[in-house]
Amino acid sequence: MKILTPFKRIFRFYFDGFSNLSSWGRSIWIIILIKLFILFAIIRVFFMPDILKKDYKTDNERSRHVLENLTTSVSVTSELNSKL
Amino acid sequence: MIQSIDWSLVDWSRAQFALTAMYHWLFVPLTLGITWMIAMMETIYVRTGDPEWKKLTQFWMKLFGINFAIGVATGIIMEFEFGTNWSNYSWFVGDIFGAPLAIEGIMAFFMESTFIAIMFFGWNKVSKKFHLVSTWLVAIGANLSALWILVANAWMQSPVGTSFNPETARNEMTNFWDVLFSPVAINKFLHTITSGMVLAAIFVIGVSAWFLLRKRETRLALRSITIAAIFGLLSSVFVALSGDGSAKQIAKVQPLKLAAMEGLYDGTEGAGLVAIGILNSKEKRESGDVFAVKLEMPKLLSWMAYGDPDQFVAGINDFKNGNPGQGILSTGEKIQRGKVARGTLTEYKNARAAGNIVKSDSLKLVFKDQVFLDTYFKYFGYGFVDDVNYYIPNVPLTFYSFHIMVILGFGFMVFFALILFFQARGELPQRKFWLRIAPWLIPLAYIASQSGWIVAEVGRQPWTIQDLLPTVAAVTKIDAGAVMVTFALFAVTFTVLAIAEVSIMLKAIKNGPKNHGGTK
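The present account deals with the structure reproduced in this document. Because the structure is a prediction, the values reported are computed rather than measured.

## Looking at the overall build of chain A
Along chain A, the regular secondary structure elements total five helices and zero strands. Each helix (α) and strand (β) of chain A, taken in turn from the N terminus, gives the series α-α-α-α-α. Within chain A, the fraction of its 84 residues that count as buried is 31%. In the structure as shown, chain A presents an accessible area of about 5,800 Å², 65% of it carried by carbon and sulfur atoms.

Printed below as a string of C-alpha cells:
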C-alpha cells in the first residue's frame with residue numbers, strides 16, 4: 001500500500017491543480033482540448049492519412065513503391081561504367 | 001514520373017507546408033526565450049524573498065502559459081503532412097527523423113509536461129527551491145526539444161552521418177553523433193534559440209513599456225525591462241555570432257543559397273556585402289544589371305563567408321554555368337551525374353524484380369563505393385529535372401528576407417543598448433518616444449524571426465534534402481484539389497488559434513499582474 005502513496009500524491013497534485021483552475025486557465029484548457037480534437041479526430045482521420053501506411057501493408061511494399069517513384073526508365077549504366 | 005507530375009500539386013503542397021510551419025513558428029520562439037527570463041526572475045525571488053519578484057514571475061508565466069497552450073501540438077500537423085503530402089520524402093529520410101523526433105517527443109512529454117505542471121500548479125505545494133528547479137527545467141526542456149527538431153532540419157540542409165540503402169530506398173543513420181553535432185546543426189540550434197531569446201526580450205520590453213506609458217505597475221515594468229534588456233542585448237550578440245557561423249556553413253554546404261541571399265550573380269574575389277539594396281527585374285538581373293540601388297560594404301561578404309577578405313565567393317551564374325577555375329561544376333554536369341545515380345538505382349530495381357541476384361547484389365555494392373557516392377550519388381537529386389533554372393532558388397524572396405532579418409536584428413541590438421542606457425540613468429519613464437516605439441517592435445521581432453526561416457527554407461529550394469531529393473520527387477501524387485482543401489482548413493484553424501492567442505494575451509496584459517499562475 002505504501003507504494004501507492006507517491007502515485008496518490010501525484011494524482012492529488014494534478015487533481016487539485018485542475019480543480020482550481022483560474023478562469024483564464026479554464027479557457028486555455030478548453031482551447032487545447034478543442035484543438036486536439038480537431039487535429040486528431042478530424043484532420044488526422046479524414047484529411048491527413050499516412051498514405052504509405054494506408055495503401056501498403058508491409059515495409060517491403062512501401063520501399064518498392066518509393067523505389068518505383070524514385071526511378072524512371074532512365075538507363076545510363078553505360079555512362080556510369082565508362083566513368084567509374 | 002516527372003513528365004506526368006502536376007506542378008500545381010507541388011506548389012500547393014509547398015504552400016501548405018509553408019503555411020503550417022510559419023504559423024507554428026508564431027508560437028515557438030516566445031516559448032524558447034521567455035522561459036529563461038521567467039527562471040531568472042524566479043531565481044531573484046528565491047534569493048531575495050521579495051514578493052514583488054514572485055508577482056512578476058507569475059505575470060510573465062501566465063503570458064508564457066497562454067502562448068504555450070495555444071501553440072502546443074501545432075507542429076504535429078507538419079508530421080501529418082510528411083505522411084500525406086510528402087510520403088516519398090518521409091520514406092526516403094528513413095530513421096534520420098525517427099531518432100531525433102522520438103527523443104524530442106519523450107523529452108517534450110516528460111520534461112515539459114511534468115515541470116510545466118509544477119510551474120503552474122506547484123506554488124505553495126512544493127518547496128521554493130523545487131519550484132525554481134522546475135522552472136529552469138522547463139526552460140532547458142523547451143530549448144532541448146527544439147534541438148532535436150533543428151537537428152532533423154539541419155540534416156536536410158546538409159545530409160551527414162547516413163548512407164542510402166537501395167534495397168529499402170531509405171537513408172540509414174551510420175553515425176548518430178555526426179548527425180547531432182554537424183556544424184550546420186550546432187549553428188542552426190544556437191542561432192534559432194538565441195533569436196527566440198531576442199524576440200522574447202522585445203516582447204517583455206514592449207509589454208512593460210505599455211504599462212509605463214499608462215503609469216501602471218511601474219516598479220514591475222522597470223524590473224522586467226532591466227532583465228529583458230540585459231538578456232536581449234546578450235542574446236543579440238550571440239545571434240550575430242551564431243549568424244556568422246551559419247553564414248560560414250552556408251558558404252560551405254549551400255553556396256547557392258549564400259549567392260541568393262546576397263543577390264550575387266557573378267562570383268568575384270573580395271566580394272562586398274550588400275547592406276541595403278533593391279533588385280532589378282529578373283531579365284535585368286540575368287543580363288548583369290542586378291541592382292537598381294545598393295549600398296555595399298567592400299570585401300565583407302568574402303570575410304563573412306570564408307574569414308578572408310580576398311577570397312572568391314561564387315555567384316549564381318558560377319553554379320548555373322560552372323566555373324572550372326574555381327572547381328565548380330555546372331548544373332548541367334550535376335544533372336548528368338544525377339541521372340547516372342538514378343540510372344544505377346533503376347538498374348538495381350530492375351535486376352531485383354527480374355530475380356537477377358548476382359546483378360542486383362553487385363549494383364547494391366555500387367552504393368557503398370566511395371567514388372560512386374562522391375561522383376554521382378552526391379548529385380542524385382539533380383537527375384529528376386533537366387531545366388538548369390529549376391535549381392535556382394527564388395532570389396528576391398531570399399535576398400529581401402535575409403536583409404530584413406539582419407537589419408532588424410542589428411536594430412534590436414541597438415534598441416536593447418539604448419534602453420539599458422536610459423534605464424541606468426533612471427530616465428526611461430521619461431523617454432516617451434522609445435516607450436511608444438517598444439510595443440511596435442513586437443510584430444517586427446516576429447517578422448525578423450519568420451524572415452530567418454524564409455532564408456533557410458526558400459534559399460535552399462528546390463531541395464527537400466540538399467542535392468538528394470527535390471520537392472518534385474518528394475511529393476505524394478495525390479489530387480491537388482485535396483491539398484487545396486486542407487490548405488484552406490489549416491489556414492482557418494491556425495488563424496482562429498492566432499486570433500485566440502492575441503485576444504487572450506491582450507486581455508491578460510490589460511488585467512496586469514493580478515492573478516497568479518494557472519490556478520485560483
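## Description of the interface of chain A and chain B
Size of an interface, as often reported, equals the accessible area lost when the parts are brought together. Each side of the interface is counted separately: chain A has 46 residues, and chain B has 66 residues. Together, Phe13, Trp24 and Leu70 of chain A form the three largest contributors to the area buried by chain A at its contact with chain B, with a combined 16%. Counting across the chain A and chain B interface gives one salt bridge. For Lys349 of chain B, the salt bridge identified is with Glu68 of chain A, shortest N-O distance 3.3 Å. Along the contact surface separating chain A from chain B lie 10 residue pairs in polar contact (both at pLDDT 80 or more). Secondary-structure elements contributing two or more residues to the side of chain A that touches chain B are α1 (4-19), α2 (23-47), α3 (51-55), α4 (59-70) and α5 (77-83) of chain A. At 14 residues, α2 of chain A tops the list of elements feeding residues into the side of chain A that touches chain B.

## A few points about the pattern of salt bridges
In this structure the tally under the stated criterion is 16 salt bridges over all chains. Put simply, Lys54 of chain A and Asp55 of chain A hold a salt bridge, and the shortest N to O gap is 3.5 Å. Overall, Lys54 of chain A belongs to the exposed group, its relative accessible area being 54%. What emerges from the salt-bridge pattern is a single network uniting Arg425, Glu427 and Arg431 of chain B.

## What to know about helix α18 (residues 432-458) of chain B
Look at α18 of chain B: 39 Å from first C-alpha to last across 27 residues, which is about the 39 Å you get at 1.5 Å a residue. Considering bend angle alone, the principal kink of α18 of chain B is centred on Trp440 of chain B and spans about 35°; proline Pro443 of chain B follows within four residues of it.

## A few points about the packing of helix α8 (residues 183-213) of chain B against helix α20 (residues 480-511) of chain B
Residue and element names in this part refer to chain B. Look at α8 against α20: their axes get within 10 Å of each other, and the N-to-C directions meet at 50°. Our classification of the angle between α8 and α20 gives oblique. Both α8 and α20 take part in a crossing whose hand is right-handed. On α20, the residues touching Phe203, Val207, Trp210 and Phe211 of α8 are Met505, Ile509 and Lys510. Each residue belonging to the contact of α8 with α20 can be placed in one class, and the counts come to six nonpolar, no polar and one charged.

## Let's talk about the nonpolar core
Ranked by internal contacts, the top residues of the largest apolar core, which has 153 residues, are Trp60, Tyr89 and Phe203 of chain B. Counting residues per element, this core draws most heavily on α8 of chain B, which supplies 18 residues. Split by domain, the residues of this core number at least three in each of domain 1 (1-48) and domain 2 (50-84) of chain A. Of all hydrophobic cores here, the second largest spans 30 residues; its members include Leu279, Val290, Ala305 and Phe312 of chain B.

Scoring rules and cut-offs
- Residues numbered from 1 in each chain as written.
- Chains lettered and ligands numbered in written order.
- Predicted model: local features only at pLDDT ≥ 70, side-chain atom pairs only at ≥ 80, totals over all residues.
- Heavy atoms only, no water.
- Helix = DSSP H or I, 4+ residues; strand = E, 2+ residues; numbered from the N terminus.
- Buried < 20%, exposed > 50% of the residue type's maximum accessible area, 1.4 Å probe, protein only.
- Areas by Shrake-Rupley, 256 points an atom, 1.4 Å probe, with all protein chains shown as cover.
- Contact = heavy atoms within 4.5 Å.
- Buried area = accessible area lost by both parts, 1.4 Å probe.
- Salt bridge = Lys/Arg side-chain N within 4 Å of Asp/Glu carboxyl O.
- Polar contact = N/O pair within 3.5 Å; in protein donor to acceptor, adjacent residues only side chain to side chain.
- Expected span 1.5 Å × (residues − 1).
- Bend = angle between axes of the 7 residues up to and from the residue.
- Axes fitted to C-alpha atoms, helices over the stretch in contact; angles between N-to-C directions.
- Parallel < 35°, antiparallel > 145°, perpendicular 65-115°, else oblique.
- Left-handed = near helix turned anticlockwise from the far one by under 90°.
- Nonpolar A, V, L, I, M, F, W, Y, C, P; charged D, E, K, R; others polar.
- Core = buried A, V, L, I, M, F, W, Y, C linked by side-chain atoms within 4.5 Å.
- Domains from an automatic or database assignment.

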